[in-house]
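The primary structure of each chain is shown beneath.
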Amino acid sequence: MKNKKTKILTALAIGLALSMPIAASSAAVADTVDYTVSGGRITIDFEREDDVYKFYRYSEFADNMPYVRDGAMYAWVLAEQKMILSGKVFTDVQVDVDISPIGKNGKIDSGIYIGASNAGNKMDGINAWEVNIEHAPGSDTYWLKLHRFEQKWIRDEMIEVGGLGYTTDDMHLRVTVKDGTLYAFLNGSDAPALTKKIGETARGMVGLRNFYAPVRFDNFSVVGESVDVDFADMRALQSLAEQRLKDNLAEESKRELTAAIERAEAANIQVDADEAAAMLASALDRAQDKHTLEELAVLLQKAGDIANPDGEVYTANSYGALLAVKSVCESLTIADGEYEISYWYNRLDEKINGLVKYVEEER
């Protein structure tokens, strides 16, 4: 069921809302506004049943509380449920979550709370903003709505964006609040589908809401200054990159690793740490031990001396892979450059050392 990657739609058919305070559905806005939020990240993937206790849970009915199973948090159908992340208050914040109906093309009436306080069990018993995805069972469209609650639903504050094409049951919702403005993003879009100035009411707790819909929540994450920046992954990769730089590498590999290490050293907020980690991982993956065209010629001679008479010595897959890489290596010239020559030398060396004999395979 679950997909741990953010689900992305390639296109969003965004309809205009009724009297939206700020029209923010154009790509031009995404190009001019910095949506980056400072601080660290909390991630809850619901792989552990006790992840549910990281939330204060409220429901009209005490026995209808959300629960964790099979790597997701499930909400009951016959109640409004509020799930407020415990122990943290935010002003500028980014909240992400995956939402999907239990049944195919099913009902969704669920979303993200921002600026939450004074939550209780009664319906609408909370002070908060809530960005809500609303989809009727079997419909090919859905709505994005912004609700305001002050221990009751404030109808006059509602904003609606309708006529959105429902093309997947795997919905991803991101809500960012920065400098008193709320932005809502759908399914990986760079441009907000909904924007609203909320001022000082932005400050508060964050969480999830479900209203009488059978849904799953997954991959909940929050970025904000109330959370310490998690540098652990980045620092581990940086250490590997610094070790790798001590090897005799192709110049291009040295440049990429050095640039990634410098990016890591400059990181001070979560988005920088995440981007630096990705850059380090890519540089490490691409790093190649340095080899010359002359060295490649010697290795090609070694590969050429390997025979597989009647296909009875080496398995077809391993020997065929060797011949394929050997063919590429034979076409290289000095004009291809040091990195390409080094890359294909290393691949050819791997294929030579990775040959599988039939007797080995049988064992």
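Residue numbers here run from 1 along each chain, matching the order of that chain's written sequence. Confidence filtering applies because this is a predicted model: local features only for residues at pLDDT of at least 70, side-chain atom pairs given and counted only at 80 or more, and all residues used for totals across whole chains, interfaces and linings. With hydrogens and water stripped out, all remaining heavy atoms of the structure feed into the side-chain values.

Asks: What should I look at first to understand the overall build of the protein in this one?
Replies: Only DSSP runs of H or I covering at least 4 residues are called helices, and only runs of E covering at least 2 are called strands; the numbering of each starts at the N terminus. Looking only at helices and strands, the protein features eight helices and 15 strands. Its C-alpha atoms give the protein a radius of gyration of 27 Å, clearly above 21 Å, the size a compact globule of 363 residues would have. When the backbone C-alpha atoms are referred to their principal axes, the protein occupies close to 80 × 45 × 40 Å. Considering the protein as a whole, with its 363 residues, one finds that 47% of them fall into the buried category. Throughout, a contact is declared for two residues whenever any of their heavy atoms are within 4.5 Å. Long-range contacts, defined as pairs at least 24 residues apart, comprise 71% of the intrachain contacts of the protein with a sequence gap of at least 6. Of the roughly 17700 Å² of accessible surface on the protein, a fraction of 50% belongs to carbon and sulfur atoms. Positive and negative side-chain charges of the protein, numbering 39 and 59 respectively, have mean locations separated by a distance of 5 Å. For the radius of gyration, the atom set is restricted to C-alpha positions; the globular benchmark scales as 2.2 Å times the number of residues to the power 0.38. Each residue gets one of three labels from its accessible area relative to the maximum for its type: buried under 20%, exposed over 50%, partly exposed in between, using a 1.4 Å probe on protein chains only. Residue exposure ignores everything except the shown protein chains as possible cover, and the areas themselves are Shrake-Rupley values with a 1.4 Å probe. Only four residue types enter the tally: Lys and Arg on the positive side, Asp and Glu on the negative side; His and the chain ends are excluded. Where a charge sits is defined by one atom per residue type, namely NZ (Lys), CZ (Arg), CG (Asp) or CD (Glu).

Asks: Looking at this model, I keep getting lost on the sheet that holds strand S9 (residues 141–150). Mind explaining?
Replies: In any sheet, the strands associate via hydrogen bonds between backbone groups, in a parallel or an antiparallel arrangement. An order of S2-S5-S14-S7-S8-S9-S10 is seen for the seven strands of this open sheet, with the pairing classed as antiparallel. Looking at the sheet topology across the chains shown, the edges are occupied by strand S2 (55–59) and strand S10 (159–165). Between one strand and the next, the sheet's axes are offset by a mean angle of 20°, whatever the strand orientation. Strands were regarded as paired on the criterion that DSSP finds at least two bridges between them. Pairing of S9 with S10 involves five bridges; the strand directions are antiparallel. From the neighbouring strand, Leu144 faces S10, where its bridge partner is Val161. Lines are fitted to the C-alpha atoms to define the axes, a helix being fitted only along its stretch in contact, and any angle between axes, read from their N-to-C directions, falls within 0 to 180 degrees.

Asks: When you look at the environment of Ala260 in this model, what are you seeing that I'm missing?
Replies: Locating Ala260 in the fold gives a position in helix H3 (residues 251–266). Judged by its relative accessible area of 0%, Ala260 falls in the buried class. With 144 residues separating them along the chain, Ala260 and Ala116 place their C-alpha atoms 39 Å apart. Every residue in contact with Ala260, bar those within four places of it in the chain, is listed here: Met279, Leu280 and Ala283.

Asks: Explanation requested: the confidence of the model for the protein in the structure shown.
Replies: Predicted coordinates in areas of low pLDDT are best not read in detail. The predicted model of the protein has a mean per-residue pLDDT of 89, with 90% of residues at 70 or higher. The predictor reports its confidence for every residue as pLDDT, a score running from 0 up to 100. pLDDT under 50 marks residues 1–30. Its contacts with residues more than four places away, or in other chains, come to 72 contacts.

Asks: Would you take a moment to explain H3 for this structure?
Replies: Residues that lie three or four places apart on an α-helix share one face, since the helix turns once every 3.6 residues. Look at H3: 23 Å from first C-alpha to last across 16 residues, which is about the 22 Å you get at 1.5 Å a residue. Burial in H3 covers these residues: Ser253, Leu257, Ala260, Ile261 and Ala264. For H3, the angular spread of the buried residues around the axis is 100°, confining them to a single face. H3 presents Arg255, Glu265 and Ala266 as exposed residues on the side facing more than 90 degrees away from its buried surface. Buried positions along H3 lie against helix H2 (232–244), helix H4 (270–286) and helix H7 (337–353). A helix is expected to span 1.5 Å multiplied by its residue count minus one. By arc we mean the arc of the directions from the helix axis to the C-beta atoms, nothing more.

Asks: Where do I start with the environment of Thr176 in this structure?
Replies: Within the secondary structure layout, Thr176 lies in strand S11 (residues 171–178). Taking the C-alpha atoms as reference, Thr176 lies 4.2 Å from Gln94; in sequence the two are 82 residues apart.

Asks: Would you explain unusual backbone geometry in this entry?
Replies: Backbone geometry follows two general trends: most residues other than glycine have a negative phi, and most peptide bonds adopt the trans configuration. The phi torsion at Asp70 lies on the positive side, around 55°, for a residue other than glycine. Position of Asp70 relative to the elements: it lies in the loop between strand S3 (67–69) and strand S4 (72–74). Even without a glycine there, the phi angle at Tyr212 is positive, about 50°. One can find Tyr212 in the loop between strand S14 (205–211) and strand S15 (215–224).

Asks: What am I meant to see in the packing of H2 against H3 here?
Replies: Packed helices, taken two at a time, are described by the angle their axes make and the gap between the axes. Their axes nearest at 10 Å, the elements H2 and H3 cross at an angle of 145°. In this structure, the crossing between H2 and H3 has a hand that is left-handed. Across the interface between the two elements, Met234, Arg235, Gln238, Ala241, Glu242 and Arg244 of H2 pack against Leu257, Ile261, Ala264 and Glu265 of H3. By residue class, the composition of the contact of H2 with H3 is five nonpolar, one polar and four charged. Take the far helix as your reference; a near helix turned counterclockwise from it by less than a right angle gives a left-handed crossing, and one turned clockwise gives a right-handed crossing. Throughout this entry, Asp, Glu, Lys and Arg are counted as charged residues, while Ala, Val, Leu, Ile, Met, Phe, Trp, Tyr, Cys and Pro are counted as nonpolar. The remaining residues, Gly among them, count as polar.

Asks: How should I be thinking about the packing of aromatic side chains in this particular structure?
Replies: What describes a pair of aromatic rings is the distance from one ring centre to the other and the angle between the planes of the rings. Aromatic rings from Phe, Tyr and Trp, with only the six-membered ring used for Trp, were paired whenever their centres fell within 6.5 Å, and each pair was classed as stacked if the ring planes differed by under 30 degrees, edge-to-face if by over 60, and tilted otherwise. Per the stated rule, a full pass over the model turns up ten aromatic pairs. The interplanar angle of 80° and the centroid separation of 5.0 Å between the aromatic rings of Tyr35 and Phe185 together place this pair among those described as edge-to-face. Taken together, the positions of Tyr35 in the loop between helix H1 (27–32) and strand S1 (40–44) and Phe185 in strand S12 (residues 181–186) put the pair 150 residues apart, joining distant regions of the chain. A relative accessible area of 13% means that Tyr35 is categorised as buried. Exposure remark for Phe185: the relative accessible area of 5% places this residue in the buried category. Geometrically, the ring pair formed by Tyr67 and Tyr74 is stacked, given 5.6 Å between the ring centres and 10° between the ring planes. Since its relative accessible area comes to 29%, Tyr67 is described here as partly exposed. Residue class for Tyr74 comes out buried when judged on its relative accessible area of 8%. Feature note: the residues Tyr35, Tyr183 and Phe185 constitute an aromatic cluster, connected by ring pairs. Whether a charge sits over a ring comes down to the Lys NZ or Arg CZ being within 6 Å of the ring centre and within 35 degrees of the ring normal. The side chain of Arg69 reaches across the aromatic face of Tyr74, ending 4.9 Å from its centre. Across the ring face of Trp143, the terminal group of Lys145 is positioned such that the distance to the ring centre comes to 5.6 Å.

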